[in-house]
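# Topology and contacts: notes
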Amino acid sequence: MNVIPEVLNHFNVYNDSAKKLIGISGELELPEMEAITDTIEGSGVLGEIEDPVTGQFSSMKMKIPFATLYEDMFSIMNTTKPPQLTLRASMQCMDPSTGETGYYPVKIVVRGKASTSNMGKVVKGKKMEPEVELEILYIKIQINNKTVLELDKLNFKYVLNGVDMLAKIRSQC
């Protein structure tokens, strides 16, 4: 894809039954992926090296903010049946050779358990700003219909740009 990404033009969030969630605010912060590391030191190494352990990540959280208390918020709080949410977006881009504006799809699928639920605040004439925080168990990101990341913490799967990062490890265990 030889384009210059510009802005996320628009997005919607859907639950696992493909129903568009209502009341989500205009901003979602995606989870941070922090690799679990161990310190390598000793003979042959100058000092220390923090080395990431392939496929192992710390707790990943994602906050789903709502404008006000709404029924859809409570539908994702069930910790016995982790919701799967799909974010579908349109990325606006520019063709560098012509300057023309184009668009390509971005799809992000997450599954996680509600770890924190904040009911927000009550202020006359203002948004309440409640939110649900999910502990992410699964994430898949597709850009222009190509999977660039898939991490499934419960099923030992970590694929990056089409490469199964854990294939060799699985073959040895």
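Residues numbered from 1 in each chain as written. Predicted model: local features only at pLDDT ≥ 70, side-chain atom pairs only at ≥ 80, totals over all residues. Heavy atoms only, no water.

## Let's talk about the pattern of salt bridges
According to the stated counting rule, one finds 7 salt bridges in the structure shown. With a shortest N-O distance of 3.8 Å, lysine 63 and glutamate 131 are connected by a salt bridge. Of this pair, lysine 63 sits in strand E4 (residues 61-65) while glutamate 131 sits in strand E7 (residues 131-143), and the two are 68 residues apart along the sequence. Among the residues examined, lysine 63 registers a relative accessible area of 40% and is labelled partly exposed. Across the pair lysine 157 and glutamate 150 runs a salt bridge whose closest N-O atoms are separated by 3.3 Å. (Salt bridge = Lys/Arg side-chain N within 4 Å of Asp/Glu carboxyl O. Helix = DSSP H or I, 4+ residues; strand = E, 2+ residues; numbered from the N terminus. Buried < 20%, exposed > 50% of the residue type's maximum accessible area, 1.4 Å probe, protein only.)

## Here we look at the environment of aspartate 38
Along the polypeptide, aspartate 38 turns up in strand E2 (residues 35-41). Once the C-alpha coordinates of aspartate 38 and aspartate 72 are considered, the two residues, 34 residues apart in sequence, prove to be 41 Å apart.

## Section: the packing of aromatic side chains
Going through the model one piece at a time under the given rule, you end up with 1 aromatic pair. With centroids separated by 5.2 Å and ring planes inclined at 75°, the aromatic side chains of phenylalanine 57 and tyrosine 158 adopt a geometry described as edge-to-face. Taken as a pair, phenylalanine 57 in strand E3 (residues 48-57) and tyrosine 158 in strand E9 (residues 157-160) lie far apart in primary sequence, 101 residues in all. Take tyrosine 158: its relative accessible area is 10%, and that puts it in the buried class. The ring of tyrosine 138 carries the charged tip of arginine 111 above its face, separated from the ring centre by 4.6 Å. (Phe/Tyr/Trp six-rings, centres within 6.5 Å; stacked < 30°, edge-to-face > 60°. Lys NZ or Arg CZ within 6 Å of the ring centre and 35° of its normal.)

## Section: the environment of leucine 8
Among the secondary structure elements, leucine 8 is positioned in strand E1 (residues 4-14). The residues touching leucine 8, leaving out its near neighbours within four places in the chain, are Ala89, Ser90 and Met91. (Contact = heavy atoms within 4.5 Å.)

## Some words on a negative patch on the surface
Together, Asp38, Glu41, Glu48, Glu50 and Asp51 line one region of the surface with negative charge. Those elements that place two or more of their residues in the negative patch are E2 and E3. For aspartate 51, the position within the fold is in strand E3. (Patch = residues over 30% accessible without salt bridge, like charges linked within 9 Å, V, L, I, M, F, W, Y side chains within 5 Å. Areas by Shrake-Rupley, 256 points an atom, 1.4 Å probe, with all protein chains shown as cover. Lys, Arg positive; Asp, Glu negative; His and termini not counted. Charge placed at Lys NZ, Arg CZ, Asp CG, Glu CD.)

## What about the nonpolar core?
In a soluble, globular protein the nonpolar side chains are often hidden away together inside. Counting residues in each nonpolar core, the largest one holds 32 residues, and the members touching the most others are Val13, Leu28, Ile64, Leu85 and Ile139. When contributions to this core are tallied by element, the ones reaching two or more residues are E1, E4, strand E5 (84-94), strand E6 (101-118), E7 and strand E8 (146-152). Ignoring any residue separated from it by four or fewer positions in sequence, one finds leucine 85 in contact with Val13, Tyr14, Asn15, Leu21, Ile64, Ile76, Ile108, Val109, Val110 and Leu134. (Core = buried A, V, L, I, M, F, W, Y, C linked by side-chain atoms within 4.5 Å.)

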